[in-house]
Amino acid sequence: TQVRTVPTTPFEGQKPGTSGLRKKVRVFQQSGYAENFIQSVFDVVERPEAPTLVLGGDGRFYNRTVIQQAIRMAAANGYARVLVGQGGILSTPAASNVIRKYKASGGLILSASHNPGGPDEDFGIKYNIANGGPAPEAVTEAIYARTTAIDAWRTIDTPDIDLDTLGSVLVGTMTVEVIDPVADYADLMEELFDFAAIRAVVASGFTMRFDAMSAVTGPYASAILEGRLGFAEGTVVNGQPLEDFGGHHPDPNLIHAKDLYDLMMGPDAPDLGAASDGDGDRNLIIGRGRFITPSDSLAMLAANIECAPAYRGRLTGIARSMPTSAAADRVAQALGVPCFETPTGWKFFGNLLDAGMVTICGEESAGTGSDHVREKDGLWAVLLWLNILAVRGISVDQLAKEHWARFGRNYYARHDYEAVNKEGADALMAGLVAQLPTLAGTVLGDLTVAAADSFAYTDPVDGSVSANQGIRVLFEGGSRVVFRLSGTGTAGATLRVYLENFVPPSGDLDADTSAMLAAQIAAAEAVAGIAGHTGRTAPDVIT
Ligand code: VG1
Ligand code: CO
């Protein structure tokens, strides 16, 4: 079959953000838009002879169209083999596993994660490298540079393949294998965790609800929780992946998973409530009457990781993104392992994991994961929680209280101001930068600024530097406020304000979070002028 070269001109703004290129579906539907980006990837990424490409997505609207086109383009660009999930489906962590397991040179993951889906909503494309992780900044920058100069993309003229039937077909001279998206992943989970212990507590009456939010984790959760672990049928709700996620935001937080939250706070709560996002890499953990913040979850999982067979005796270090609370730092200190503070986005954990410097990582945005793959992994976190609860025979609430009594509690919240005016958001950040040199010593209400900076990170493995990763305002007494603009949105700008207040074991460990953060909230407004710059007097989402 003949390779056809299609002339093109660059599209503006094909710059990958925190996690790939995300735009409205209508933007992606412009003729050549997805093709330009995919060709730019193929033009710059490292590939050995006869490379294998992994292909899959979260099943949102436009997924199948881009998958079919990417297969034709891969055939025209010298790939020997494509592994594609049945129906075009692969969760982000499952894709990471497939890349590693079958030694692919990389993968294209089609997802806009927790952003809504459908013809008027969002789509995204992300490239992962051979270690299974998101392309590091040097690679995403090279891809972006290529998109600004691209003049042609390559394809072959072949019909769509049958994505729904497992097995191999030839596209040109390239082999396409349609693989079971769940099996390899479920096998990996069974290797990591004590499934026998979990099965035993399930048999003795332990109950849970898993809300798949009509997104990609439904089939994975059904196969593992109901299939392999014996939870009752109906434990997984909203388990059918839908192209528009049923019209909801597949974002596992207290706003968008409110039904689950209400159930867990009510009289009919099961022992554990959990949810995952559009592409399956985030997790929400709620015990009966007890929400666990993602920052606390990272700390609690790290502190109890010895309960899980695959991690016994091999915790080398912990990493967290800068805006994530310091709860994990206290655990690392107690266990005598290092704790690394990275910029937001999973790509910054890759080098640390590859070098064996850390075993578990997490972000405040409901992302937790380990060295088993190179992405955050929603179901993995839920299974580690289950493993710990089963082995220790305690409830989520008991575990949380015990943890805080030992380490103290980092009260924490994130306030999001979504789709605000871009100029206003930029002016707010510029205003903060301008104040940095003189902020130390400033009194803001009840708080005094101890230090303030713009976070920069030097990767300890390759020495690469990432600057301007958020403004930190640290107060005397150890509390802090962090300001960042989101790199995953598709409309205007989203301001994220991260609030943290540490209370030692001797303090009030079971207080209301918003009350415990009132001084930090007031200080954030005072220093940044949020209302003035954004026109908003309250956040859209509090997590
Ligand atoms: C957000 C989160 C970040 C996460 C990223 C991708 O980025 O804050 O922690 O890594 O989403 O997650 P931002 O730039 O909008 O703050 V996902 O599940 O959307 O791939
Ligand atoms: Co996600």
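Residues numbered from 1 in each chain as written. Chains lettered and ligands numbered in written order. Predicted model: local features only at pLDDT ≥ 70, side-chain atom pairs only at ≥ 80, totals over all residues.

Caption draft 1: Quick look at the sheet that holds strand β21 (residues 447-454). A sheet is described by the order of its strands in space; here seven strands give the open sequence β20-β21-β24-β25-β26-β19-β27, paired in antiparallel fashion. Among the strands making up the open sheet, the edge pair consists of β20 (443-444) and β27 (541-542). Of the strand pairs in this sheet, strand β24 (residues 471-475) and strand β25 (residues 480-485) are connected by four bridges, and their pairing is antiparallel. Its bridge partner being in β25, Val473 is matched across the sheet by Val481. (Pairing = 2+ DSSP bridges. Helix = DSSP H or I, 4+ residues; strand = E, 2+ residues; numbered from the N terminus.)

Caption draft 2: Focus on the UniProt feature "domain: Alpha-D-phosphohexomutase alpha/beta/alpha" (unreviewed entry) in the protein. As recorded in UniProt, the sites labelled "domain: Alpha-D-phosphohexomutase alpha/beta/alpha" (unreviewed entry) are residues 14-151, 184-286 and 295-407. Counting secondary structure, residues 184-286 comes out at 37% helix and 15% strand; the distance between its end C-alpha atoms is 28 Å. (UniProt positions renumbered as here; feature names shortened; annotations may be inferred.)

Caption draft 3: A look at the nonpolar core. Formed by 127 residues in total, the largest nonpolar core has its most connected members in Leu55, Ile71, Val82 and Ala302. Sorting elements by how many residues they give to this core places helix α13 (residues 378-392) first, with eleven residues. When residues of this core are assigned to domains, at least three map to each of domain 1 (3-180) and domain 2 (185-407). In this view, Ile71 contacts Leu55, Val82, Val84, Ile161, Val171 and Val176; residues no more than four positions away in its chain are not counted. (Core = buried A, V, L, I, M, F, W, Y, C linked by C-beta atoms within 7 Å. Buried ≥ 20, exposed ≤ 12 C-beta atoms within 10 Å, placed from the backbone. Domains from an automatic or database assignment. Contact = placed C-beta atoms within 7 Å.)

Caption draft 4: Examining the sheet that holds strand β16 (residues 339-342) more closely. Taken together, four strands build an open sheet; the order of strands is β16-β15-β17-β18 and the sheet is mixed. At either margin of the open sheet sits one strand with a lone partner, and together these are β16 and β18 (367-370). Adjacent strand axes in the sheet meet at a mean angle of 15°, parallel and antiparallel pairs treated alike. Of the pairings in the sheet, the one linking strand β15 (residues 318-321) to strand β17 (residues 360-363) comprises three bridges and is parallel in character. Counted as the bridge partner of Ile318 is Ile360 from β17. In the packing of helix α11 (residues 327-335) onto the sheet, contacts are made with β15, β16 and β17, and the angle to β15 comes to roughly 165°. (Axes fitted to C-alpha atoms, helices over the stretch in contact; angles between N-to-C directions.)

Caption draft 5: Representation of the site of ligand 1 in the model. Neighbouring ligand 1 are 18 residues, the closest being Thr18, Ser113, Ser486, Gly487 and Thr488. A class-by-class count of the residues in the shell around ligand 1 yields one nonpolar, twelve polar and five charged. (Near = placed C-beta within 6 Å. Nonpolar A, V, L, I, M, F, W, Y, C, P; charged D, E, K, R; others polar.)

Caption draft 6: The arrangement of helix α3 (residues 63-76) in detail. Over its 14 residues, α3 extends 20 Å from the first C-alpha to the last, a length consistent with the 20 Å expected when each residue adds 1.5 Å. Burial of α3 is extensive: ten of the 14 residues sit out of reach of the surface. For α3, the set of buried residues is Asn63, Val66, Ile67, Ala70, Ile71, Arg72, Met73, Ala74, Ala75 and Ala76. The positive-phi residue at the C-terminal boundary of α3 is Gly78, with phi of around 85°. (Expected span 1.5 Å × (residues − 1).)

Caption draft 7: How the structure looks around the domain arrangement of the protein. On domain assignment, one finds that the protein holds domain 1 (3-180), domain 2 (185-407) and domain 3 (409-542). Taking only C-alpha atoms into account, the centre of domain 2 sits 26 Å from that of domain 3. Contacts between the two partners involve 20 residues from domain 2 and, on the opposite side, 20 residues from domain 3. For the side of domain 2 that touches domain 3, the secondary-structure elements that each account for two or more residues are α12 (350-354) and α14 (396-407).

Caption draft 8: Representation of the pairing of β18. Taking every second residue as pointing to the same face, both faces of β18 are buried, with Gly367 and Gly369 on one and Thr368 and Ser370 on the other. Bridge analysis of β17 against β18 gives four bridges, and the strand direction is antiparallel. By the bridge assignment, Cys361 is partnered in β18 with Gly369. The turn linking β17 back onto β18 is made up of three residues, and Ala366 within it adopts a positive phi angle of 70°.

Caption draft 9: Geometry of helix α8 (residues 217-228). All of the buried residues in α8 are Thr217, Gly218, Pro219, Tyr220, Ala221, Ile224 and Leu225. Against the buried residues of α8 lie α4 (92-101), α6 (183-192), β10 (208-211), β11 (236-237), β12 (272-276) and α13. Trailing α8 by a residue or two, Gly230 shows a phi angle of about 85°, which is positive.

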